[in-house]
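Structural characterization, general
Read off the chains here:
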Amino acid sequence: MPVLWIILIVIAIGAVGYVATRARAMASAGNDARHLHSLPSYYGYMAFLFAAAPAFLLLIVWLIAAPLVIEKRVAATLPADVVEQAASQNLLMAEVRRVAVGLDNAVAAGVMDEDLASNARADFTDMTARLKEAGQVITQNVTTPVLRAAQMMREANASSRLWMTIAVIAVAIAGAALAMMRAQRDYRARNVVERGVRWMLVGAASIAILTTVGIVLSLLFNTIEFFRIYPASEFFGSLTWSPSFGGGSELGIWPLLWGTLYISVIALAVAVPIGLFAAIYLSEYASNRVRSVAKPLLEILAGIPTIVYGLFALLTVGPLLLAAFGDGGLGWMQSGTAVMTAGLVMGIMLIPFVSSLSDDIINAVPQAMRDGSYGLGATQSETIRQVVLPAALPGIVGAVLLAASRAIGETMIVVLGAGAAARLSLNPFEAMTTVTAKIVSQLTGDADFASPEALVAFALGMTLFVITLGLNVFALYIVRKYREQYD
Amino acid sequence: MNDMRPLERIVDTDNIKISAKGCQVYYGDTHAIKDVDVQIEDKTVTAFIGPSGCGKSTFLRCLNRMNDTIDICRIEGEILLDGENIYDKKVDPVQLRAKVGMVFQKPNPFPKSIYDNVAYGPRIHGLAKNKADLDVIVEKSLRRGAIWDEVKDRLDAPGTGLSGGQQQRLCIARAVATEPEVLLMDEPCSALDPIATGQVEELIDELRSQYSVVIVTHSMQQAARVSQKTAFFHLGNLVEFGETGQIFTKPEDPRTESYISGKIG
Ligand SMILES: Nc1ncnc2c1ncn2[C@@H]1O[C@H](COP(=O)(O)OP(=O)(O)OP(=O)(O)O)[C@@H](O)[C@H]1O
Ligand SMILES: [Mg+2]
């Protein structure tokens, strides 16, 4: 039975449980809801919870665990010499999976009947021909052991499905029945539902945290793999970045890191003052009419996709800068793609982040604080500088950091605006590139995934991650230290 | 005998610090203060009493133009400080507020250290020549605010970390640090214990030798103890204004009498 059907059946059982349990609870209180411990619907929710939660949990665990178990068992049946012939067990098992799926599809398409597909004495040459005929992707001729293993896998899959369906539905029914049995007037259904809600929330939070941990771990393992084939001292010590997929490449991180930091610093130098001043104007000086028009307009900037900013950098800002600083002007700039181009455009992109967040934060400073300052004879700008901004500082630092991590992680504007040359230079009118842009270029293309040239992407990603983490920790420390609480 | 009266009048007008004439205040469509005339004398304590929501705070905030910060608030009539209309175009509200200080109904210390809270006004107005001078001002103000002994060992601690009553006294110290000519106090003692209340009342009495003080209070006893003049507000009207003793013993208006004896409120 398809999983969707199982889910629908469980929900139906839950719904029936809801109605039945609610009715039973009402009956136990003589049909007067006031005599029940909890509102009648809580008994219903409880039944739904009892039916659905364990059933779905079982379903998920089964769906994850069953393939692993089956594959292990099937792999154990493959003769050792066959495994040796194939390059690795993984490749062989992939072939087995493909054949099993191919058989399934062939049966579904009507090219083969179920008997033939599961016939243990079936001839493998014939089988290969038939599978190819059915349009299934088979890389080589199917050998007898592989065919037998595939058939065994199909069988195991089918029985696992059947047992899963039975088990899940049984659990759902048992849960609903248990809830129904408990539906007495003094039973504290409300508290049970409360606990259920709490565990649901805990579950959601754990999934979020576990995903993060998973991402970090996968980064970490690949990074370790990279350092096994490429010396860390080179990666962190070399000042050259020149990957060559033929081997003998130099993969020093410094030119990339320098490009990232240089562009980010220019971007923040543009975005922070403009964004902050715009926020102060909007929240402290602007009339309501101006505010209601200007704020959404600023926020539109935040909705523009970065690729559009990239085009803006490439087609407008680059040529403009070139006209001023290129050979026709001051002669500092060779081409339109440069650190300055990308930095300026990225700064424009970040303005709404800084201004919108700072505006909200400044507005959250209580009016009483401003009144206190005005009442002592302070002017508006004195009040803003000495009372409002210090009170809003932690939030503003947060906004700036958010902008900083966006800047460090930005890729599109860099690719189009800053060029692709990894270079260590102080001249902001030269082309450079960043960590993120190089991660993309190392992973696109058909390099061997196990080569240092591809794996370096993970080491770069990890470095970026550590830097952003460090930035956040540092910001947290600053905020804690200088926090001026106003409530 | 007859010529005594004009003479008295002249002395009176000389002594007037603030005088409101036909003052009307609107919050949008709400008419919060209705045609109030009042004369606040120099070197006296004037108490505003009246039931909650009658417009005491609103009128008090008119006296140093704090209502300017409320968009929907509109004021008509004139309020003269030393004979000059404070709502005149050429008057700078910032300078006015330095002269007419205010303690708010809810304590609102800045999120700064206790020292910086008190030093805020003297710093922006350049009242201290150097750090030592500023230290003296801060200590003197905190003593006048009756809070010095409690905070003298932690002047660097944040002002917001104090208790509600301590915060209110800090705000009083902050207001007197700028040496205003008039001090407006909106229920300064509502969060204070009897001891601190007594100290603040002592401060008010002391301030009277140099300044004019206006205090809003819900405590009849307090009004009777500290003030020389009392104004009774009711539903935005100034019902009665006169010598404190007379208001509390022989009120002319029946509304005043019933409020004082606890029948409206
Ligand atoms: N910011 C405001 N916006 C609109 N209406 C206001 C505002 N402030 C006060 N009011 C209205 O003005 C009237 C007078 O308020 P005010 O704060 O002056 O009363 P109060 O006498 O100080 O009362 P309390 O003793 O409770 O402090 C009230 O009806 C109130 O609803
Ligand atoms: Mg009030």
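As the structure is a prediction and not an experimental result, all values here were calculated from the model.

For the rest of this paragraph, the subject is the coordination of the magnesium ion (ligand 2). Ideal geometry at a metal centre: 109.5 degrees between donors when four sit tetrahedrally, and 90 or 180 degrees when six sit octahedrally. Residue and element names in this part refer to chain B. Within the first shell, the magnesium ion (ligand 2) binds the protein through S57 (OG) and Q105 (OE1), at distances of 1.9 to 2.4 Å. A residue pair is termed long-range when its members are at least 10 positions apart, and S57 in helix α2 (residues 56-62) and Q105 in the loop between β6 (100-103) and α4 (114-125) qualify at 48 residues. What makes Q105 partly exposed here is its relative accessible area of 37%.

The next point concerns a nonpolar patch on the surface. Residues and elements named next belong to chain A. Together, M1, L4, W5, L8, I11 and F48 make up a nonpolar patch on the protein surface, roughly 600 Å² of accessible area in all. The dominant element in the nonpolar patch, judged by the number of residues it contributes, is helix α1 (residues 3-28), at four residues. Mapped onto the elements, I11 comes out in helix α1. Overall, the relative accessible area of 36% leaves I11 in the partly exposed class.

A separate point is the packing of aromatic side chains. Considering all chains together, one arrives at 15 aromatic pairs over all chains under this definition. With centroids separated by 5.6 Å and ring planes inclined at 75 degrees, the aromatic side chains of F226 of chain A and F235 of chain A adopt a geometry described as edge-to-face. Of the two residues examined, F226 of chain A and F235 of chain A, each falls in the buried class. Cluster of aromatic residues (ring-pair linked, three or more members): F226, F227, Y230, F235 and F236 of chain A. Above the plane of the ring of Y26 of chain B lies R74 of chain B, whose end atom (NZ or CZ) is 4.5 Å from the centre.

Right, let's talk about helix α4 (residues 89-109) of chain A for a bit. Residue and element names in this part refer to chain A. Look at α4: 30 Å from first C-alpha to last across 21 residues, which is about the 30 Å you get at 1.5 Å a residue. Considered for burial, the residues of α4 that qualify are L92, M93, E95, V96, V99, A100, G102, L103 and A106. Once α4 finishes, G110 follows within two positions and takes phi at roughly 85 degrees, a positive value.

So, on to the interface of chain A and chain B. Across the boundary between the two partners, chain A contributes 22 residues, which contact 23 residues of chain B. In total, about 1,800 Å² of surface goes out of reach between chain A and chain B, with carbon and sulfur atoms giving 60% of it. Looking at the side of chain A facing chain B, the largest losses of area belong to D371, L376 and Q386 of chain A, adding up to 32% of the total buried there. Linking chain A to chain B there are one salt bridge. Between R61 of chain B and D371 of chain A there is a salt bridge, with the nearest N and O atoms lying 3.9 Å from each other. Connecting chain A to chain B are four residue pairs in polar contact (both at pLDDT 80 or more). Within the residue set of the side of chain A that touches chain B, elements represented by two or more residues are α14 (367-375) and α15 (380-409) of chain A. In terms of residue count, α14 of chain A provides more of the side of chain A that touches chain B than any other element does, eight residues in total.

On to the environment of V270 of chain A, then. Residue and element names in this part refer to chain A. Counting through the fold element by element, V270 comes out in helix α10 (residues 254-285). Relative accessible area serves as the criterion here: at 17%, V270 is assigned to the buried category. Through-space distance from the C-alpha of V270 to that of R385 is 20 Å; in sequence the pair is 115 residues apart.

Residues and elements named next belong to chain B. Its identity as a non-glycine residue notwithstanding, D35 has a phi of 50 degrees, on the positive side. Position of D35 among the secondary structure elements: in strand β2 (residues 30-41). Residue K43 is not a glycine yet carries a positive backbone phi of 50 degrees. Mapped onto the fold, K43 is located in the loop between β2 and β3 (45-49).

With that settled, consider the pairing of strand β10 (residues 237-243) of chain B. Residues and elements named next belong to chain B. Bridge count for strand β9 (residues 229-234) against β10 is six bridges, and the pairing is antiparallel. Bridge pairing in β10 places K229 opposite E243. The hairpin formed by β9 and β10 contains two residues between the paired strands, and L235 there has a positive phi angle of roughly 50 degrees.

With that settled, the discussion passes to the domain arrangement of chain A. Bring the parts together and some accessible area is lost; that lost area is often taken as the interface size. Assigned domains within chain A: domain 1 (3-187) and domain 2 (250-486). Between domain 1 of chain A and domain 2 of chain A, the C-alpha centre-to-centre distance is 49 Å.

Below, the discussion takes up the sheet that holds strand β1 (residues 16-27) of chain B. Residue and element names in this part refer to chain B. Taken together, the four strands give an open sheet; going across it, the order is β2-β1-β4-β5, and neighbouring strands pair in antiparallel fashion. Both outer strands of the open sheet, β2 and β5 (84-85), are each paired with one neighbouring strand and no more. The pairing of strand β4 (residues 73-81) with β5 spans two bridges and is classified as antiparallel. Across the sheet, residue L80 finds its bridge partner in β5, namely N85.

For P2 of chain A, the location among the structural elements is in the segment before α1. Distance from P2 of chain A to R161 of chain A, taken between C-alpha atoms, is 8.7 Å for residues 159 residues apart in sequence.

Procedures and definitions
- Residues numbered from 1 in each chain as written.
- Chains lettered and ligands numbered in written order.
- Predicted model: local features only at pLDDT ≥ 70, side-chain atom pairs only at ≥ 80, totals over all residues.
- Heavy atoms only, no water.
- Donors = N, O, S within 2.8 Å, 3.2 Å for Na, K, Ca; no water.
- Helix = DSSP H or I, 4+ residues; strand = E, 2+ residues; numbered from the N terminus.
- Buried < 20%, exposed > 50% of the residue type's maximum accessible area, 1.4 Å probe, protein only.
- Patch = residues over 30% accessible without salt bridge, like charges linked within 9 Å, V, L, I, M, F, W, Y side chains within 5 Å.
- Areas by Shrake-Rupley, 256 points an atom, 1.4 Å probe, with all protein chains shown as cover.
- Salt bridge = Lys/Arg side-chain N within 4 Å of Asp/Glu carboxyl O.
- Phe/Tyr/Trp six-rings, centres within 6.5 Å; stacked < 30°, edge-to-face > 60°.
- Lys NZ or Arg CZ within 6 Å of the ring centre and 35° of its normal.
- Expected span 1.5 Å × (residues − 1).
- Contact = heavy atoms within 4.5 Å.
- Buried area = accessible area lost by both parts, 1.4 Å probe.
- Polar contact = N/O pair within 3.5 Å; in protein donor to acceptor, adjacent residues only side chain to side chain.
- Pairing = 2+ DSSP bridges.
- Domains from an automatic or database assignment.

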